[in-house]
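# Structure assessment
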Amino acid sequence: MNPPTIGHEKLIKICADVARQNNCDYQIYLSNSNDKKKNPLDPQTKIKLVKKMFPTYADHIHVDRTVSNPFKLLAMFNGEYDDVIWVAGGEDAANYDRSFHNHMKTEAPDFFYRSLVIHSSGERSADAEGATGMSGTKMRNFALQSDFNSFRSGMPTTISDRECRSVMKKIQDYMLW
């Protein structure tokens, strides 16, 4: 989610829907990654922005400096939950499924769950319009090209044009300097 987009909004809604269908809670953890190429927004800026962009889900969205990868996140919740449903984009779902289950078969896994189901949120098509085709990569490119209209089209309407311009400028400042 760097920057967060309407495509991420779709993923968040799917997480909430899956939780509702399975009568369970849900947590969404944002990455701590921060670099000039793919992750221009620092974690504190990103969490504040995501909660403002998606206020309905704000109480379920977190960032934790101690969680540097998905395995550490699952280890963090080990013992708190017996069953986990992990929601991932279609392109990542199979990799997570294989990696997590292989890890639980190791001699001393950091986590073990009675049930660990990977739920695909669906495939993203780079050529598609709207949320299905939106990506952080497209948004960073729009920012670098100073294409506000395209950048705006990838942001939810819960933030103003002024806030959207501010986000675009932060991305430009960090990626260009």
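For the structure itself, look to the data block above.
Residues numbered from 1 in each chain as written. Predicted model: local features only at pLDDT ≥ 70, side-chain atom pairs only at ≥ 80, totals over all residues. Heavy atoms only, no water.

## Considering the state of the cysteines
What makes a disulfide is a covalent bond joining the sulfur atoms belonging to two cysteines. Per the stated rule, a full pass over the model turns up 0 disulfides. In this model cysteine 15 remains outside any disulfide bridge; the closest cysteine sulfur is found in cysteine 24, 10 Å from its own. (Disulfide = S-S within 2.5 Å.)

## Points about the environment of aspartate 82
Mapping aspartate 82 onto the fold places it in the loop between helix 3 (70-77) and strand 3 (83-88). By relative accessible area, which is 48% here, aspartate 82 ends up partly exposed. When the C-alpha positions of aspartate 82 and valine 50 are compared, they lie 28 Å apart, and in sequence the two are 32 residues distant. For aspartate 82, the residues in contact, after removing those within four places along its chain, are Tyr113, Arg114 and Ser115. (Helix = DSSP H or I, 4+ residues; strand = E, 2+ residues; numbered from the N terminus. Buried < 20%, exposed > 50% of the residue type's maximum accessible area, 1.4 Å probe, protein only. Contact = heavy atoms within 4.5 Å.)

## Brief notes about the nonpolar core
Soluble, globular proteins show a tendency: their nonpolar side chains are buried together. Within the largest apolar cluster, 32 residues are counted, with the highest numbers of intra-cluster contacts made by Ile61, Phe151 and Met155. Secondary-structure elements contributing two or more residues to this core are helix 1 (6-21), helix 2 (43-53), helix 5 (136-144), helix 6 (148-153) and helix 7 (161-176). It is helix 1 that provides the largest number of residues to this core, a total of 7 residues. Apart from residues no more than four positions distant in its own chain, isoleucine 61 is found in contact with Ile12, Ile28, Leu30, Ile47, Val50 and Lys51. (Core = buried A, V, L, I, M, F, W, Y, C linked by side-chain atoms within 4.5 Å.)

## Description of the layout of surface pockets
The space that makes up the second largest pocket amounts to roughly 210 Å³. Lining the second largest pocket, in full, are Leu41, Thr45, Lys48, Leu49, Lys52, Glu163, Ser166, Val167 and Lys170. Going through the elements one at a time, helix 2 and helix 7 are the ones with two or more residues in the lining of the second largest pocket. Its residues assigned to classes, the lining of the second largest pocket shows 3 nonpolar, 2 polar and 4 charged. (1 Å grid on protein atoms, 1.4 Å probe; cavity = no way out; pocket = protein on both sides within 12 Å on 5 of 7 lines; lining within 4 Å. Points joined across faces, edges and corners; volume = space filled by probe spheres on them. Nonpolar A, V, L, I, M, F, W, Y, C, P; charged D, E, K, R; others polar.)

## Quick word on the packing of aromatic side chains
For the structure on display, the rule yields 9 aromatic pairs. Relative to phenylalanine 111, the ring of phenylalanine 100 has its centre 6.2 Å away and its plane inclined at 85°; by these criteria the two rings are edge-to-face. Within this pair, whereas phenylalanine 100 is found in helix 4 (residues 90-104), its partner phenylalanine 111 is found in the loop between helix 4 and strand 4 (115-120), the two being separated by 11 residues in sequence. This pair shows no difference in class: phenylalanine 100 is buried, exactly as phenylalanine 111 is. Seen from their ring centres, phenylalanine 111 and tyrosine 113 are 6.1 Å apart, and the 35° between their planes marks the pair as tilted. On the accessibility criterion, phenylalanine 111 (1% relative accessible area) is buried. Judged by its relative accessible area of 2%, tyrosine 113 falls in the buried class. (Phe/Tyr/Trp six-rings, centres within 6.5 Å; stacked < 30°, edge-to-face > 60°.)

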